[in-house]
Amino acid sequence: MKTLVAVVLIWVLGVGAAAGEGPRNLGDQLLTFIQSAAELLGEGIVRLLNLILPRDRAVGPDLVQPLGYLGLITVVLLLFGILEAARKVIWIVVIVGWALLLVRIVLDALRVR
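Treat the numbers as computed from the prediction; the structure is a model and nothing was measured.

Student: Give a description of the overall build of the protein chain that names residues and reports values.
Tutor: Within the protein chain one finds three helices and zero strands. Counting from the amino terminus, helix and strand elements in the protein chain follow one another as α-α-α. The buried share of the protein chain, taken over its 113 residues, is 8%. Carbon together with sulfur atoms contributes 74% to the accessible area of the protein chain, which is approximately 9,600 Å² in total.

Student: Describe in detail the pattern of salt bridges, supporting the description with residues and values.
Tutor: Applying the stated criterion to the full structure yields two salt bridges. A salt bridge links arginine 104 to aspartate 108; the nearest nitrogen and oxygen atoms lie 3.4 Å apart. Pair noted here: arginine 104 and aspartate 108 are both in helix α3 (residues 64-109), with a separation of four residues, about one helical turn. When its relative accessible area of 54% is taken as the criterion, arginine 104 is described as exposed.

Student: So what's going on with α3? Residues and values would help.
Tutor: Taking 1.5 Å per residue, 46 residues should reach 68 Å; α3 reaches 67 Å between its end C-alpha atoms and fits that length. Among the residues making up α3, those that are buried are Val64, Gly68 and Gly71. One or two steps after α3, the chain reaches arginine 111, where phi turns positive at roughly 55°.

Student: An account of the environment of glycine 42 is needed here, citing residue identities and associated values.
Tutor: Inspection of the secondary structure assignment puts glycine 42 in helix α2 (residues 23-52). It is 7.3 Å that separates the C-alpha atoms of glycine 42 and proline 66, two residues lying 24 residues apart in sequence. Setting aside anything within four residues of it in sequence, one finds glycine 42 in contact with Val64, Leu67 and Gly68.

Quick notes on the rules
- Residues numbered from 1 in each chain as written.
- Predicted model: local features only at pLDDT ≥ 70, side-chain atom pairs only at ≥ 80, totals over all residues.
- Heavy atoms only, no water.
- Helix = DSSP H or I, 4+ residues; strand = E, 2+ residues; numbered from the N terminus.
- Buried < 20%, exposed > 50% of the residue type's maximum accessible area, 1.4 Å probe, protein only.
- Areas by Shrake-Rupley, 256 points an atom, 1.4 Å probe, with all protein chains shown as cover.
- Salt bridge = Lys/Arg side-chain N within 4 Å of Asp/Glu carboxyl O.
- Expected span 1.5 Å × (residues − 1).
- Contact = heavy atoms within 4.5 Å.

Put into structure tokens, the structure is as follows:
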């Protein structure tokens, strides 16, 4: 997983450099994207909480950024968890596939039909 993240980062930096953008400009764009995503997610969470809570107990706008960043980190963790679970399932499929192929090879070698 770390290798995949490193390859994607190197690719993104390479594409940015090829397009004439420096790493600083690309870094600024990445941080701006993260900030925007966190604010959007935070606003959504605050609106959802304000729909559930009574009006006199409404969540203030000062919690938009903290809730947004916490929500963004949670989404990233969920994605990594899903990828980890998918990797385990893929390994199981690969192992079963190899086992079935080995059985097929043995059956062909023994001329069993």
